[in-house]
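Observations on chain architecture
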Amino acid sequence: MTKTPAYHLDRTSALSFGSVSEQYDRFRPSPPPGLVDDLVARAPRDALDVGCGTGKVAAELAGRGTRVLGVEIDARMAAVARGHGLPVELGAFETWEAAGRTFDLITCGDAWHWIDPARGAEKAASLLRPGGTLALFWSYLLLADDDAALFRRLYDEHAPRARTHSYLPHQTRSEPFEPIGEFEPIEVRQYRWEATVSADDWVGLIATFSDHQALEPGQLAALQRALHDAIEGLGGGVGVSRGVHAAFARRSRGGADGRTTRRTPARR
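**Here we look at a negative patch on the surface**
Negative charge collects at one region of the surface, where Asp200, Asp201, Asp229 and Glu232 lie side by side. Taken together, the elements giving at least two residues each to the negative patch come down to α8 (199–206) and α10 (217–233). Considering the arrangement of structural elements, one finds Asp201 in helix α8.

What follows is the structure, encoded as structure tokens:
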């Protein structure tokens, strides 16, 4: 079993989003339709959305007719999700009490990296019905090289320890999923599309990232002003390649059999 990465235990960062819950709900993207299509194609009767945040994933599934329950560690994020009409229970997934409930689908969008990968995988296996799916996914964006270089210069000036958040996820490491025998081989999928983000939306989005939340308020404000001015200088919007990196793990119908999870090629 691999050593648990330190960031899985960083509850301070994991709980930083509640202070910007309304902003998170406004500026963070919803999952792309293609991903939602692939989830509902598995015909789940009910789903558990782990680290549901403000309900971005749960709302899309509920809108397609799936009965969804959210689990969220931050009461402020959960309150926003409940405001969208979604049922949410408070707790850390590893210790949350399911009270005998099981599910056809477990999702986790942009949150599994805050969960202990070994305990999380074992908990997911115990809550999934045979043949059910654990779907983990992360949003990302890529700037054009010139724009990325411009932004990096502004970060070097105003917030050198923060990231521009322009990168592809999981390029140099395996999936953050502890291989256990209850799951069949992981299937990796990518969903990509192009978008233009306004200056206002960009500076609103970056303020929802945990490393930006860790900045001093004045430092964050100065960075936001500099980025806003730069984007206005580009014509009022910046082009980005948006994407979602997803890993699907199906619980074997025969239960635990000692097999280890293998990774299959990405479908692009």
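Once the structure has been displayed, the description carries forward.
**So, the pattern of salt bridges**
Here the structure, examined in full by the defined rule, presents 13 salt bridges. In this structure, the salt-bridge partner of Arg64 is Asp37, at a minimum N-O distance of 2.8 Å. Of this pair, Arg64 sits in the loop between α4 (56–63) and β2 (67–72) while Asp37 is found in helix α3 (residues 33–40), placing the two residues 27 residues apart along the sequence. Across the salt bridge formed by Glu187 and Arg42, the nearest N and O atoms sit 4.0 Å from each other. On the criterion of sequence distance, the pair formed by Glu187 in strand β6 (residues 187–198) and Arg42 in the loop between α3 and β1 (46–50) is long-range, its members being 145 residues apart. We classify Glu187 as partly exposed; its relative accessible area is 26%. Overlapping salt bridges bring together Arg45, Asp46, Arg67, Asp104 and Arg129 as one network.

Cut-offs applied
- Residues numbered from 1 in each chain as written.
- Predicted model: local features only at pLDDT ≥ 70, side-chain atom pairs only at ≥ 80, totals over all residues.
- Heavy atoms only, no water.
- Patch = residues over 30% accessible without salt bridge, like charges linked within 9 Å, V, L, I, M, F, W, Y side chains within 5 Å.
- Areas by Shrake-Rupley, 256 points an atom, 1.4 Å probe, with all protein chains shown as cover.
- Salt bridge = Lys/Arg side-chain N within 4 Å of Asp/Glu carboxyl O.
- Lys, Arg positive; Asp, Glu negative; His and termini not counted.
- Charge placed at Lys NZ, Arg CZ, Asp CG, Glu CD.
- Helix = DSSP H or I, 4+ residues; strand = E, 2+ residues; numbered from the N terminus.
- Buried < 20%, exposed > 50% of the residue type's maximum accessible area, 1.4 Å probe, protein only.

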